[in-house]
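One-letter residues, chain by chain:
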Amino acid sequence: MSLNTTPAAERIHIGIFGKRNAGKSSLINAITSQELAIVSEQKGTTTDPVYKAMELLPLGPVMIIDTPGLDDEGELGAQRIAKAQQVLGKCDIALLVVDASVGLSEADKALWQQLQAKKLPSILVLNKVELLDEMRQALLTMEAMKLTKQCFLVSALANRNINELKEAIAALRPREVERQLLGDLIKPCDIVVLVTHSQAFGAVSKIVPPTVPLTSFSILMACYKGTLSAAVKAVRVLDTVQDGDKILISEGCTHHRQCQDIGTVKLPGWIRSFTKAEPEFCFSSGTEFPTDLSQYKLVVHCGGCMLNEREMQSRSERAAAQNVPMTNYGIAIAYMHGILKRSVAPLPDIAKLLE
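Residues numbered from 1 in each chain as written. Predicted model: local features only at pLDDT ≥ 70, side-chain atom pairs only at ≥ 80, totals over all residues. Heavy atoms only, no water.

A. Here's a closer look at the pairing of strand β1 (residues 12-18). Here β1 lies mainly inside the structure; 7 of its 7 residues are buried. Side-chain alternation along β1 places Ile 12, Ile 14, Ile 16 and Gly 18 on one buried face and His 13, Gly 15 and Phe 17 on a second face that is also buried. In this sheet, strand β3 (residues 60-66) lies alongside β1 in parallel orientation, the contact comprising 5 bridges. Each bridged residue has a counterpart across the sheet, and for Ile 12 the counterpart in β3 is Val 62. (Buried < 20%, exposed > 50% of the residue type's maximum accessible area, 1.4 Å probe, protein only. Helix = DSSP H or I, 4+ residues; strand = E, 2+ residues; numbered from the N terminus. Pairing = 2+ DSSP bridges.)

B. How the structure looks around the sheet that holds β3. The strand order β2-β3-β1-β4-β5-β6 describes an open sheet built from 6 strands, whose pairing is mixed. Unpaired on one side and paired on the other, β2 (50-56) and β6 (151-153) mark the two borders of the sheet. Strand-to-strand twist in this sheet, taken as the mean axis angle between neighbours without regard to direction, amounts to 25 degrees. Sheet strands touched by helix α3 (residues 106-117): β1, β4 (93-99) and β5 (122-127). Its angle to β4, the strand with the most contacts, is close to 170 degrees. This element, helix α5 (residues 162-171), spans β1, β2, β4, β5 and β6 of the sheet and lies at about 165 degrees to β5. (Axes fitted to C-alpha atoms, helices over the stretch in contact; angles between N-to-C directions. Contact = heavy atoms within 4.5 Å.)

C. Main features of the packing of helix α9 (residues 262-275) against helix α11 (residues 329-336). Between α9 and α11, the least distance of the axes is 10 Å, while the angle of their chain directions is 30 degrees. In terms of crossing hand, the pair formed by α9 and α11 is left-handed. Residues Ile 262, Gly 263, Leu 267, Trp 270, Ile 271 and Phe 274 of α9 touch α11, and the partners they reach there are Tyr 329, Ile 333, Tyr 335 and Met 336. Its residues assigned to classes, the contact of α9 with α11 comprises 9 nonpolar, 1 polar and no charged. (Left-handed = near helix turned anticlockwise from the far one by under 90°. Nonpolar A, V, L, I, M, F, W, Y, C, P; charged D, E, K, R; others polar.)

D. Representation of the environment of Thr 141 in the model. Within the fold, Thr 141 resides in helix α4 (residues 134-144). What makes Thr 141 partly exposed here is its relative accessible area of 23%. In the structure, Thr 141 is positioned 10 residues away from Cys 151 in sequence and 7.6 Å away in space, judged by C-alpha atoms. Residue contacts for Thr 141: discarding those within four places in its chain leaves Cys 151 and Leu 153.

E. Here's a closer look at the nonpolar core. In terms of nonpolar packing, the biggest core is built from 31 residues, with Leu 238, Leu 267, Val 300 and Ile 331 touching the most fellow members. Secondary-structure elements contributing two or more residues to this core are α6 (201-207), α7 (217-224), α8 (228-234), β7 (246-251), α9, β9 (298-301), α11 and α12 (340-344). By residue number, the principal contributor to this core is α11, which donates 7 residues. Apart from the residues within four sequence positions on either side, Val 300 is in contact with Ile 247, Leu 248, Ile 249, Ser 250, Leu 267, Thr 327, Asn 328, Tyr 329 and Ala 332. (Core = buried A, V, L, I, M, F, W, Y, C linked by side-chain atoms within 4.5 Å.)

F. Quick peek at the packing of helix α1 (residues 24-32) against α5. For the pair α1 and α5, interaxial distance at closest approach is 9 Å and the crossing angle is 85 degrees. Relative to α5, the element α1 lies roughly perpendicular. Here Leu 27, Ala 30 and Ile 31 of α1 lie close against α5, whose contacting residues are Ile 162, Leu 165, Lys 166 and Ile 169. Across the contact of α1 with α5, the residue classes tally to 6 nonpolar, no polar and 1 charged. (Parallel < 35°, antiparallel > 145°, perpendicular 65-115°, else oblique.)

G. A look at α1. Taking burial as the measure, the 9 residues of α1 include 8 buried ones, the bulk of the element. Residues of α1 that are buried include every one of Lys 24, Ser 25, Leu 27, Ile 28, Asn 29, Ala 30, Ile 31 and Thr 32, and no others. Phi turns positive, to about 55 degrees, at Ser 33, one or two residues after α1.

H. How the structure looks around α9. Regarding α9, the residues found buried are Ile 262, Gly 263, Leu 267, Pro 268, Ile 271 and Thr 275. Projected down its long axis, α9 shows its buried positions confined to an angular sector of 155 degrees, all on one face. Buried-residue contacts for α9 involve β7, β8 (280-285), β9 and α11. A distance of 3.2 Å separates the backbone nitrogen of Gly 263 from a side-chain oxygen at the start of α9, and that oxygen is part of Asp 261. At the exit of α9 stands Lys 276, carrying a positive phi of roughly 55 degrees. (Arc of directions from axis to C-beta. Polar contact = N/O pair within 3.5 Å; in protein donor to acceptor, adjacent residues only side chain to side chain.)

I. Layout of the sheet that holds β7. An order of β8-β7-β9-β10 is seen for the 4 strands of this open sheet, with the pairing classed as parallel. Of all strands in the sheet, those bounded by a partner on one side alone are β8 and β10 (326-328). In this sheet, neighbouring strand axes are inclined to one another by 25 degrees on average, regardless of whether the strands run parallel or antiparallel. This element, helix α10 (residues 309-321), spans β7, β9 and β10 of the sheet and lies at about 140 degrees to β10.

J. Spatial organisation of unusual backbone geometry. The phi dihedral of Asn 159 falls on the positive side, at around 60 degrees, and the residue is not glycine. Tracing the sequence through the fold places Asn 159 in the loop between β6 and α5. Residue class for Asn 159 comes out partly exposed when judged on its relative accessible area of 47%. The backbone of Cys 189 shows a phi angle near 80 degrees, a positive value even though the residue is not glycine. On the secondary structure map, Cys 189 appears in the loop between α5 and α6.

In structure tokens, the structure reads:
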């Protein structure tokens, strides 16, 4: 797979955060050596997170995310800040950009502490140092060093210390973990039958001999993105669903809803049939995943093929932190068709969850 064809979900996501006019967009242009982001002296030029897929050497294929200023104002500003906060859930690396001529604000310090609490690899970038004399640079560095052992004084305008910053970003590359969709299940020359969708689970399970393992795309994706164990544990909540319980059905992408759409039509129908209850179904798609999940009895998520590993794990962790079980499409469908153990037992460390 070439750098240019790497899917967005497989790219390292780098989020650029900071107050308005800290120089976030200018820094992106300096780092990438391209005029990718709109730069203006007017505050609040970036009004929504902007995603830019590109190559960033020596790191490789990345997704750079330019976010709105975290000091935006008014009702609309609050919505923009919420959008910027959502980006934290999908970042592999975060850059906190500070206007050196203004100095570190309490908002900057609070965001830095938030990044550390999330254990998110981060770099503190002090931009616009061309506006400071050596004494003020030294004082600012001393203040920054109270937060972190390493910070970078840069000038996006003068291209100062940009290469050094890029090297530091590359050094934060997430630890590469070998992930496989099927490599641990099949051997060379094995015959594998691919069925297009887990919606066909019920029919396929009656055709394929019981000795032949059966799984689905979304189950394999849960294994690939590290959410499988939690999703298998969560699916048993379907046994306790009652009338009026809220169930969130969430998809990681947006698409045209067709007749008999799996998320909005088929899954609710199967759940009603399985539970013999009339729960209340809610729906989300794309980047819109609720911050507050406490009202839901269960979250049923898609496989997340369009979301990176960090975001899928962040969503799963958010649900767990609020004591809301989160399963996924394939696991729920297999469970409701009585074939869950056959569908996931061949996958690593899962059989014991089904005993």
